Amino acid sequence: MNNISRRSMLLSLGATLGAATLGLTGCSSDGGDDKKGSDLSKNRADAMDKFGVGDQFKATSPVTFTTLLNDNPGYPEKSNWLFWTELAKRTNVTLKPTVVPLSDYENKRSVIIGAGDAPFLIPKTYPGQEAPFVASGAILAVSDYVDLLPNYRDKVAKWNLQGDVDTVLQDDGKYYVLPGLHQDVWIDYTFAIRSDILDQLGLQMPKTLDDLHNALKAMKAAHPDRYPMTDRWSQPTPGGAMLQTFGQAFGAGYGGGWGYANATYDGGSDKFVLTGAMDQYKAMIDYTRTLVAEKLLDPESFTQSDDQANAKFTSGKSFVISTNAQELVNTYRPGLAKTDPNAKVVKMPVPVGPAGEVKVGLRLENGLMISKKARDSKDFVALMQFVDWLFYSDEGQIFAKWGVENVTYTRDAAGNFKLTKDVDYVGLNPTASKKLNADFGFSNGNFAYGGSTQLLESTFSEEEKQFQAIMTARKTLPVPPPHPLNADEQEQFALWEAPLKDYVQQQTLKFILGERPMSQWDSFKSELKGKNGDQYLSLINGAYDRYKSKKNGSDKS
Amino acid sequence: MVTLDTSAIIDKTPPPAATGIRTSRGYRVFQVVNTVILLGVVVVTLYPIVNIVARSFSGDGYIRSGKVNLWPRGFNLTTYKAVMTNAMFWTDYRNTVVYTVVATVVAMVLTTCYAYVLSKKDLRGRGVLVGVAVFTMFFSGGLIPNYVLVTTLGLKNSVWAIALPNAISVFNLLVMKAFFEGLPQELEEAAAIDGLSTYGTLWRVVLPLSKAVLATMVLFYAVSFWNSWFTAFLYMDHSDLMPVTVYLRNLIAGATNATSVGFSEADATAVGANIQAVTIVLTTLPILVVYPFVQRYFVSGVTLGAVKG
């Protein structure tokens, strides 16, 4: 037994044998815990003997770990950040960053992983982005080592996240990225609406899609010369935010636009179906098409640049536009204040459609890959404990986001956070001279993300908290089951995926803009077959069936 | 970014129609049409530049609501002050100057030597030497092997990672070779008889006659090193080693990405559009200032080798 694990470990050193290694370790890990290829006795240097939930991690002697760092121009990296020094003080770990500009982070990440030059920690990796590196064998299968991550396991169990985490499984039954975890689905995108216009017209804040439709009609009646709604986020995905919102409201999986995925899980038949051919998707198209046909929605919404759309909205030529919390405060309000001091603009609760008061979404955030070579370091266990503390413990998450108590923030008896007087973050303390992220290195996207809803909302304004309260009350739909593809399937998948998606988006637009009559819907569905829609589905359903049978097999043993 | 615009060449067209001589009607029509078209080209070329300059003096709110065109709105100098007091900007700016100067010097020395050798028709193995150079125009080792090579040589995080792999541009090499081939062989023979060594001939006879091509090459190399960002981005691991182009690129991408792809909340810090504009202006300025002075050589230089006597 031990021999097998030694051998698979040795093999794993040969990066060129990556694919073979995956097969081998994949087999050996299917059994019980004792076969995990994890003799860690030589990797325990500087690690804590006992490390559990609630423990402060501190390496037994000072140690340095390398990390990739996504350098955000909003808060460029500084070597004297309090984050680095305080982290070293608390954990005995000095992080040595390889600083990569945000603009081309993914490029450099692939090159240095490909060249075998990657640092131990590779943060800011979105689930799915790890897939290309799996076969190279350069990335650690972190799922083999979750035993070393008590806080991570605790949060997955406490927040019932196993289903979400399963979506990052690869075909070998392991996963290679440690995702950031959210307690609840976080909905940020919705529509901004001019509440002063609603008041003028004696309208209520729209709650449903029909309300929205009626409100737009009333606005049009009062201002027949303009389109009451014009939208942004149309490049590169037309209707990015809007169709996502509409599609989800109609129950078409993750919706259209940004959320669009070719396949959506259908719980009734326990199979994946083509999203573009779903009746719910058609209903979404119908609705949007009506808005365009009745001249309520500016047809340029699907082609214009963000700047053009923003300009129309902030100059008062339109009254509804897609938004998130930041854009509302940073773009729309300052812009409108200049043209119309009486204008009021607020975030509309996401309009409810036939799918009911639900929200969909993964509760995973971008996460962390760990280099395979870290496994051979004598400090491997300490590294994992450090990662667990910084990214997944409550204290670590508060530290990464808010900094040091009484230096960057204070906390009252009820647990509410408040920035200290001379520190600002997202405009919470506009007169302060220093910035929490730029000057101290906290609330840095590399290290601070996810966490409890309370922590997430701790930086929100009162107004945004009210919006979130409405969204939190909505039911979160279960995530679709995973369908991990093997390497061959992955390649085939990649060939079919993009053309199919492009075609659906193209035709969606034609239907919406009225260039194609809805009577052609059935022929559109059969055109999808011509774009390999059927093969695509059978590939995914095959992978899903394989996953199910594997899972049943391992559950029984 | 600075691009080499072709108006420089157009400027050199000989002035038409000397005064006092009657020009044909057709020619005058042509002149008018020509002027109009060229003015159009000038407007199209200048508009983005003027727009960026106007933006750089405008308030962020005006830019975001799309109100700034040719003239600044909400005129202010605070953005310039803000950018110019940013230590990282100047650090990266200095890096760009250092990288450009070092890389251009290295490139000029190596390219000149290589080109001069290749211009000797009686050189044995000349075909092979040319072949080696031309081969790299069509085939390269690829990104990752190059990265491994530079890393293993220990060049990472130093100016040599930028200067050495890009030291010889084959296109420039061939232009220079053609120029040297055009120089009269007799001059060099005379120099040899007067007792000059090979290097002496190159230094005292050939190079002084090649100022035009040298100036052109310096300009080509300097502009391309000034504008380049990818090599530095790849081989530098710290922001204080980056050239200003990477700084600028990150600034612009940061502002566009953060708001459009649904980044996590910590990343939604947009960089002001006015800050971008100021940085663009300051980054392009040196090239724009130097250009007119080198243009003289440049115009006579680009056509070198086009006609060979």
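Residues numbered from 1 in each chain as written. Chains lettered and ligands numbered in written order. Predicted model: local features only at pLDDT ≥ 70, side-chain atom pairs only at ≥ 80, totals over all residues. Heavy atoms only, no water.

Description of the overall build of chain A
- When its secondary structure is counted, chain A shows 20 helices and 16 strands.
- At 25 Å, chain A has a C-alpha radius of gyration in line with the 24 Å of a compact globule built from 557 residues.
- Viewed in the frame of its principal axes, chain A has a C-alpha envelope of about 75 × 60 × 40 Å.
- Considering chain A as a whole, with its 557 residues, one finds that 56% of them fall into the buried category.
- Accessible surface computed for chain A: about 22700 Å², of which carbon and sulfur atoms make up 52%.
- In chain A, 61 side chains carry a positive charge and 67 a negative one; their mean positions are 1 Å apart. (Helix = DSSP H or I, 4+ residues; strand = E, 2+ residues; numbered from the N terminus. Rg over C-alpha atoms; globule rule 2.2 N^0.38 Å. Buried < 20%, exposed > 50% of the residue type's maximum accessible area, 1.4 Å probe, protein only. Areas by Shrake-Rupley, 256 points an atom, 1.4 Å probe, with all protein chains shown as cover. Lys, Arg positive; Asp, Glu negative; His and termini not counted. Charge placed at Lys NZ, Arg CZ, Asp CG, Glu CD.)

Points about the pattern of salt bridges
Residue and element names in this part refer to chain A.
- Enumeration according to the criterion identifies 34 salt bridges over all chains in this entry.
- The salt bridge partner of Lys 174 is Asp 144, with a shortest N-O separation of 2.8 Å. Of this pair, Lys 174 sits in the loop between helix 7 (162-166) and strand 4 (178-181) while Asp 144 sits in the loop between helix 5 (131-134) and helix 6 (150-158), and the two are 30 residues apart along the sequence. Each member of the pair Lys 174 and Asp 144 is classed as buried. (Salt bridge = Lys/Arg side-chain N within 4 Å of Asp/Glu carboxyl O.)

What to know about the confidence of the model for chain A
- Looking at chain A, the pLDDT average stands at 89 and 93% of residues meet or exceed 70.
- Contacts from residues 1-36 of chain A, a stretch scored under 50 in pLDDT, to residues over four places away or in other chains number 35 contacts. (pLDDT = per-residue confidence, 0-100. Contact = heavy atoms within 4.5 Å.)

Describing the interface of chain B and chain A
- With 39 residues of chain B at the contact, the number on the chain A side is 47 residues.
- Contact between chain B and chain A buries roughly 3400 Å² in total, counting both sides, with carbon and sulfur atoms accounting for 56%.
- Remark: the boundary between chain B and chain A carries three salt bridges.
- The interface formed by chain B and chain A holds 11 residue pairs in polar contact (both at pLDDT 80 or more) in total. (Buried area = accessible area lost by both parts, 1.4 Å probe. Polar contact = N/O pair within 3.5 Å; in protein donor to acceptor, adjacent residues only side chain to side chain.)

Considerations on the pairing of strand 1 (residues 63-71) of chain A
- With seven of its nine residues buried, strand 1 of chain A lies for the most part within the structure.
- Regarding topology, helix 3 (residues 82-91) of chain A serves as the crossover connection from strand 1 of chain A to the parallel strand 2 (residues 93-101) of chain A, and that connection is right-handed. (Right-handed = clockwise from strand over helix to strand, strands pointing away.)

Let's talk about the nonpolar core
- Residues Tyr 152, Phe 246, Phe 386 and Leu 390 of chain A are the most contacted members of the largest nonpolar core, which totals 150 residues.
- Top contributing element to this core by residue count: helix 14 (residues 380-392) of chain A, with 11 residues.
- Grouped together as the second largest cluster of nonpolar side chains are 25 residues, Ala 103, Tyr 114, Leu 173 and Leu 207 of chain B included. (Core = buried A, V, L, I, M, F, W, Y, C linked by side-chain atoms within 4.5 Å.)

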